[in-house]
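Summary of structural features
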Amino acid sequence: MKIIVYCKYFNFKNPLDKPKIETFVVNVPQIPKIGETIVIERISPKRQFIIIFEYIVTAVQFNASKELPDSADAQVSAFLNHCWEGTSNFKVTNFLEQ
């Protein structure tokens, strides 16, 4: 299943800065529920290491129409809960226990 994730996050170094909004698309085995944690792995564009992001889902909106064959199955709002550097390659979307 393909979902679009909308995430608002604050600058960790300067929390008073205006929050940034990030949008990205991921494939998941199932559409997450509110309160679930999504873990997503990305390669750092500046360095060659993996950054692991942990997002908490705050809202889920299912798409009413599937007019385009490549459209997403749902839209998810989330907030960035934690991120860290990693060395493993477990790919996208492990769902964690609450």
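Structure shown above.
Residues numbered from 1 in each chain as written. Predicted model: local features only at pLDDT ≥ 70, side-chain atom pairs only at ≥ 80, totals over all residues. Heavy atoms only, no water.

In this section: the packing of aromatic side chains. The relation between two aromatic rings is expressed through the spacing of the ring centres and the mutual angle of the planes. Enumeration according to the criterion identifies two aromatic pairs in this entry. Aromatic side chains Phe-24 and Tyr-55 sit 5.5 Å apart centroid to centroid with 45° between the ring planes, which places their arrangement in the tilted category. With Phe-24 in strand β2 (residues 20–27) and Tyr-55 in strand β4 (residues 50–62), this pair connects stretches of sequence that are 31 residues apart. You can call Phe-24 buried: its relative accessible area is 11%. For Tyr-55, a relative accessible area of 1% puts it in the buried group. Here Phe-53 and Tyr-55 contribute two aromatic rings whose centre-to-centre distance is 6.1 Å and whose plane-to-plane angle is 20°, an arrangement assigned as stacked. (Phe/Tyr/Trp six-rings, centres within 6.5 Å; stacked < 30°, edge-to-face > 60°. Helix = DSSP H or I, 4+ residues; strand = E, 2+ residues; numbered from the N terminus. Buried < 20%, exposed > 50% of the residue type's maximum accessible area, 1.4 Å probe, protein only.)

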